[in-house]
There are 4 protein chains.
Amino acid sequence: MNREAIIQGMKERVFAANLALPEAGLVKLTWGNASEINRELGVIVIKPSGVPYKTMKAADMVVTDLAGNLLAEGLNSSSDLPTHVVLYQHFEKVNAVIHTHSKHAVMWAQAGRDIPAYGTTHADTFYGAVPCTRQLTVAEVERAYEMETGKVIVETFNDRQLDPLAIPAVIVRGHGPFTWGETLAKAVDNSIVLDEVAEMAYMNEIIQPHCETIPQYLLDKHYFRKHGPGAYYGQK
Amino acid sequence: MNREAIIQGMKERVFAANLALPEAGLVKLTWGNASEINRELGVIVIKPSGVPYKTMKAADMVVTDLAGNLLAEGLNSSSDLPTHVVLYQHFEKVNAVIHTHSKHAVMWAQAGRDIPAYGTTHADTFYGAVPCTRQLTVAEVERAYEMETGKVIVETFNDRQLDPLAIPAVIVRGHGPFTWGETLAKAVDNSIVLDEVAEMAYMNEIIQPHCETIPQYLLDKHYFRKHGPGAYYGQK
Amino acid sequence: MNREAIIQGMKERVFAANLALPEAGLVKLTWGNASEINRELGVIVIKPSGVPYKTMKAADMVVTDLAGNLLAEGLNSSSDLPTHVVLYQHFEKVNAVIHTHSKHAVMWAQAGRDIPAYGTTHADTFYGAVPCTRQLTVAEVERAYEMETGKVIVETFNDRQLDPLAIPAVIVRGHGPFTWGETLAKAVDNSIVLDEVAEMAYMNEIIQPHCETIPQYLLDKHYFRKHGPGAYYGQK
Amino acid sequence: MNREAIIQGMKERVFAANLALPEAGLVKLTWGNASEINRELGVIVIKPSGVPYKTMKAADMVVTDLAGNLLAEGLNSSSDLPTHVVLYQHFEKVNAVIHTHSKHAVMWAQAGRDIPAYGTTHADTFYGAVPCTRQLTVAEVERAYEMETGKVIVETFNDRQLDPLAIPAVIVRGHGPFTWGETLAKAVDNSIVLDEVAEMAYMNEIIQPHCETIPQYLLDKHYFRKHGPGAYYGQK
C-alpha cells in the first residue's frame, strides 16, 4: 500500500475513534482527542483542535511527523498533540493515544488518587491500579504545558516501574485520563473500561470505606486469561 | 420438532438475549454471556467468546453437550461456559443462565456484601437478600477458575439453604452477577431487576446508614403475589 | 359524545400515558400503571396487569366501574387497581392516578422518609414535602393489601391535613410512589418531577448533611406563580 | 440585512437553543429558557412560557424591547424574562442568557454553595468558582421576584468583583443556574459545562472530603489557552 493510502486509512480510523468517544458518553462538546502513529512511515494522525463533532470529516484529521510538525497546510492539530508525541516517543509499542474528560476518570484525577483495582472488571484490562501522576509544577506548566504533561506520565510509569501495555491508562492530576493501546480500537475500549471501573470504584469507596482490593492471584487470573501467551479469552 | 429446529430456536433466543443485555445498559464491550439448556436434547447453547455485538449473528452461537464439550467446529464458547455447566448440573429447574458486569451489581460484588431486600421492587423478584459468595481460594482459582466459580455459587445456595428459583441471582465476590431462570426471558428480566435493586440499595445505604430491610410479611406478600400457586399478578 | 367514544378516548390516553412512563425512564419491565376516571360515566380505565409494553395496545386497557369491577371480559386489570379506586373515592378532584417504581422515589420510600422541599424545582409542583406513609401492618397486608395501600395514603393526607392537589404525590413506605392530577397529562408530569426532585434531594443530603429546606415565602412564590388564581406561568 | 430578517434569525437561533437544552439532558418538561439580545436593534427574543417542546415552533418565540415589553401580540414570554433583562442591562458584553434546572447545578444551588474549581474541565470554561448568590429576602421575592433574581446575580458579581465573561454562569440560591455568553451557542455550551463540572465536583466532595481546588497557575494555564489574546486552542 502506498503512503497516501496508508495515511488515508489512518485518517478514517482516527476520525471514527473520535466519533466513538462521544457516542460512548466519554466526550462532551470537543473535549477529547485520539491519534494514531505509523513509525515506519514517520507520521502521526490526530484530531484537529476544537472542531465540532457534527461537522468534522475524516479529511479534517491533521497529519504530522513524529515530532509533531505539521506535514501540510490545514487545520490546527489538537492542542494536546505534544502530550501524544511524548507518549509515542517513550512507549514504543503504543500505536494509539486517546485523551478524554470522561467524568468518573476526571473525578479521580481531581481527587489526585490512583484508581484501585477493586474487581475483575478492572483486572480484565488493567494489571493493577491506574496511576495518578503528581501535580505539574509552576515551571512545567509555564514552560511547555502539553509536553510536560506527557513527561509526567512517562515519569510516573518509570518511577513505579509500570508497563504501559499492562496498564494502558493514566490519570493526570487535576486534569483527566489518557489511554492508549497497540491499536486504536483497543485504546477506545480502554477509555470505555477506564471510566466504567472509575465509576465502580467511586461507588465502592462510598459504600465500603475500607474496601479491599482484588487479591493478587485473582488479578493475575483475570488479566492473564485475556493477555499474554496463556490467554484463552476470545477467538484465535 | 426435530433436533435441528430446536437448536436453531435456541440459537435465536440466546442471540437475542445477548443483544438485550447491552440494550438494557447491563453490558459494555463483550462483557456478558447468556446460555440456554435443553436437558432432553442434551445441549447447551451459549454466546461465543469475545465477539463484538455489532457483528455477532445467531449462527455464531456455540452448541455444546451437557458437560460443555463443543458439538461442532466453530467459534470458541464463552470462557465462562464451565460456570454455566455447573449451575445447570446443580440447579435442575434452571434452563437459562446469564452473566454480566452490570455496574451496580458488580459494585456489591466488589464490596463483598449481600444485596439487602430494602423494598418491594426487590421482593417482587427475589425472595430475600441476593447472596454474595465467599472469595475463591488461590487453589480454586489456579485449578479450574470458571468451574470453581460455579461450585462456589452452588455452595452458597446449599450452605444458606436457598432455593435458586426463589432467589434467581448471585453475586460472585470480587467479580460480578450471575442470574438465571426457568426461561431465558425470565433470566434477562432478572438481570435487569438485579442491577436496579442493586442501585436502589446503594443509594439507601448512603442516605440511611441503618436502613431497615423490608418486613417479612411484606416480602411474603409481594413475592407470592407474583410467584407460586396464589399468584394473581399478570395474565393467565 | 357517546359513552363508547368517551371510553375509547380514555383508553387511548391511558395507553399513551403508560408508554410515556418507560420513555421518561420511570418504569422498567412492567412496573407501572396509569389510570383515568370519568365519574359522570362511572368508569375507570387502567392498564392490564403484567403485559409487556412492546406488545400492549390501546384496546388492551381495562374498563371497570367506580368500585373496580370489570365491565367486560378481557385482560386482568393492574393488580394495583384497588389502590387507584380508593384514591379516586377520597380525592374527589383527582381524575388520574399513576404508580411507578422510579428509582429515586423508591429509594426514599425504602428509607421511610418524606422528600424535603429543598428548592424551587420542588416548589413549582409540590407545595411542601412529599409525604411518606407509615408502614402497613401485618393485618392490613394480609387482609386486602392493595386497598389498604390506598387507605394508608388517604390516612396520611388526612392526618397531616394535606391537599392532594397541592401535593399530588406520595411515597408508600417500603414500596414506591403514587402520583395523580386533575388530568392524566398532569399526573405524568408529576411522576417525572417527583423522581427528579427525589434525585436532587438525595444528592443534597449527601453533600450537605444539614441542608436547609426552601424558605416558606419562596415556596409560596414558586408554587403560586404556577397554581391558583394568581398564577402567571404559561399561556392562558 | 433588514430588521425583520435579523429578528427571524434570532427566533431561529433561540428556538434551536431551547431545543438543544433538553437534548443535552439539561431540561425536563418546560423548565428552561434561552434568549438573545440585539442591542442595536433594541430587541430581545425569548422562549414563550410553558409551551411543550414537542409542539413549539420558531415562530412562537417572543419579541420584546430592551425593557422586556412585548413588541407584538402573541404568546406570553417566559416568566423569567425580567431576570434576562436585568442581566442584559448590567452585563454589557453578554448577548445571550439561558436558565435551566439542570440537576447537578440545581443541587449546588439548593446547598447554597459555590461550585469549586476542582480541575481543568472547570478551568477551561470558568475562571474560578461558579458563585452562588445569597438568598433573596421576603421583600425581594414579594416585590418583583424575577427582576430581583437578576439584581442579586448582578450584586454577586459586583460584590465579588467577578467578570461575567470570565465566569459566564451563576447559581441562584435555592433555585438553579443561569448561564450566558457573547453568543447563544456559547451560552448553550456553558450550560452543558456547568452541569458537568457540578456533577464532577459533587462526586469529588463525596470521595475526598477535603479535596483541593486546582492551583492558580494551572487554572490560569487552562483558562488562557482557550480565552484571550494568548489563546491557542481551536481554529483561527
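In the block above lies the structure referred to throughout.
Residues numbered from 1 in each chain as written. Chains lettered and ligands numbered in written order. Predicted model: local features only at pLDDT ≥ 70, side-chain atom pairs only at ≥ 80, totals over all residues. Heavy atoms only, no water.

Caption draft 1: The interface of chain B and chain C, seen in detail. Contacts between the two partners involve 32 residues from chain B, matched on the other side by 35 residues from chain C. Summed over both sides, the interface between chain B and chain C buries roughly 3,000 Å², with carbon and sulfur atoms accounting for 54% of that surface. By the criterion of area lost to chain C, the three top residues of chain B are Ile207(B), Tyr217(B) and Gln235(B), representing 22% of everything that side buries. Across the chain B-chain C interface, the total number found is 5 salt bridges. (Contact = heavy atoms within 4.5 Å. Buried area = accessible area lost by both parts, 1.4 Å probe. Salt bridge = Lys/Arg side-chain N within 4 Å of Asp/Glu carboxyl O.)

Caption draft 2: Seen up close, the environment of Asn2(D). Residue and element names in this part refer to chain D. Assignment of secondary structure puts Asn2 in the segment before helix H1 (3-23). Placed 158 residues apart in sequence, Asn2 and Arg160 show a C-alpha to C-alpha distance of 41 Å. A distance of 2.8 Å separates a polar atom in the side chain of Asn2 from the backbone nitrogen of Ala5. (Helix = DSSP H or I, 4+ residues; strand = E, 2+ residues; numbered from the N terminus. Polar contact = N/O pair within 3.5 Å; in protein donor to acceptor, adjacent residues only side chain to side chain.)

Caption draft 3: Here's a closer look at the pairing of strand S2 (residues 43-46) of chain C. Residues and elements named next belong to chain C. Here S2 shows a buried face lined by Val43 and Val45 and a second buried face lined by Ile44 and Ile46. Pairing of strand S1 (residues 32-38) with S2 involves 4 bridges; the strand directions are antiparallel. Paired with Ser35 across the strands is Ile46, a residue of S2. In this structure, the hairpin formed by S1 and S2 is closed by a connection of 4 residues, where Gly42 is found at a positive phi of approximately 75 degrees. (Buried < 20%, exposed > 50% of the residue type's maximum accessible area, 1.4 Å probe, protein only. Pairing = 2+ DSSP bridges.)

Caption draft 4: Structural view of helix H6 (residues 184-207) of chain B. For H6(B), which comprises 24 residues, the first-to-last C-alpha distance of 35 Å matches the rise-based estimate of 34 Å (1.5 Å per residue) to within 8%. With 21 of 24 residues buried, H6(B) is to be regarded as a mostly interior element. (Expected span 1.5 Å × (residues − 1).)

Caption draft 5: Inspection of the nonpolar core at higher detail. Within the largest apolar cluster, 132 residues are counted, with the highest numbers of intra-cluster contacts made by Tyr202(A), Trp180(B), Tyr202(B), Tyr202(C), Trp180(D) and Tyr202(D). Counting residues in each nonpolar core, the second largest holds 24 residues, with Val14(B), Met56(B), Ala58(B) and Ala96(B) among its members. (Core = buried A, V, L, I, M, F, W, Y, C linked by side-chain atoms within 4.5 Å.)

Caption draft 6: Spotlight on the relation of the copies chain B and chain C. Of the two same-sequence chains, chain B is brought onto chain C (RMSD 0.0 Å, axial shift 0.0 Å) by a rotation of 90 degrees. Both copies of the chain, as the preceding transformation shows, are related through a four-fold rotation axis. It is Ile206(B) whose C-alpha, among those of chain B, lies nearest the rotation axis, at 5.3 Å. (Least-squares fit on C-alpha atoms with pLDDT ≥ 70 in both.)

Caption draft 7: Highlighting the sheet that holds strand S6 (residues 176-181) of chain A. All names here are of chain A. The strand order across the open sheet built from 6 strands is S3-S2-S1-S4-S6-S5, with neighbouring strands paired in antiparallel fashion. Sheet topology places strand S3 (62-64) and strand S5 (169-172) at the edges, where each strand pairs with a single neighbour. For this sheet, the mean angle separating the axes of adjacent strands, direction not counted, is 20 degrees. On top of the sheet, helix H1 (residues 3-23) reaches strand S1 (32-38), strand S2 (43-46), S3 and strand S4 (96-100); it is set at about 155 degrees to S1, its chief contact. (Axes fitted to C-alpha atoms, helices over the stretch in contact; angles between N-to-C directions.)

Caption draft 8: Fine view of the packing of helix H3 (residues 103-111) of chain A against helix H6 (residues 184-207) of chain A. Residue and element names in this part refer to chain A. Relative to each other, H3 and H6 sit at 60 degrees, their axes nearing to 7 Å. Regarding the angle of H3 to H6, the classification is oblique. The hand of the H3/H6 crossing is left-handed. Side by side, H3 and H6 meet where Lys103, His104, Ala105, Met107 and Trp108 of the first sit next to Leu194, Asp195, Ala198, Glu199, Ala201, Tyr202 and Glu205 of the second. Residues belonging to the contact of H3 with H6 are distributed by class as follows: 7 nonpolar, 1 polar and 4 charged. (Parallel < 35°, antiparallel > 145°, perpendicular 65-115°, else oblique. Left-handed = near helix turned anticlockwise from the far one by under 90°. Nonpolar A, V, L, I, M, F, W, Y, C, P; charged D, E, K, R; others polar.)

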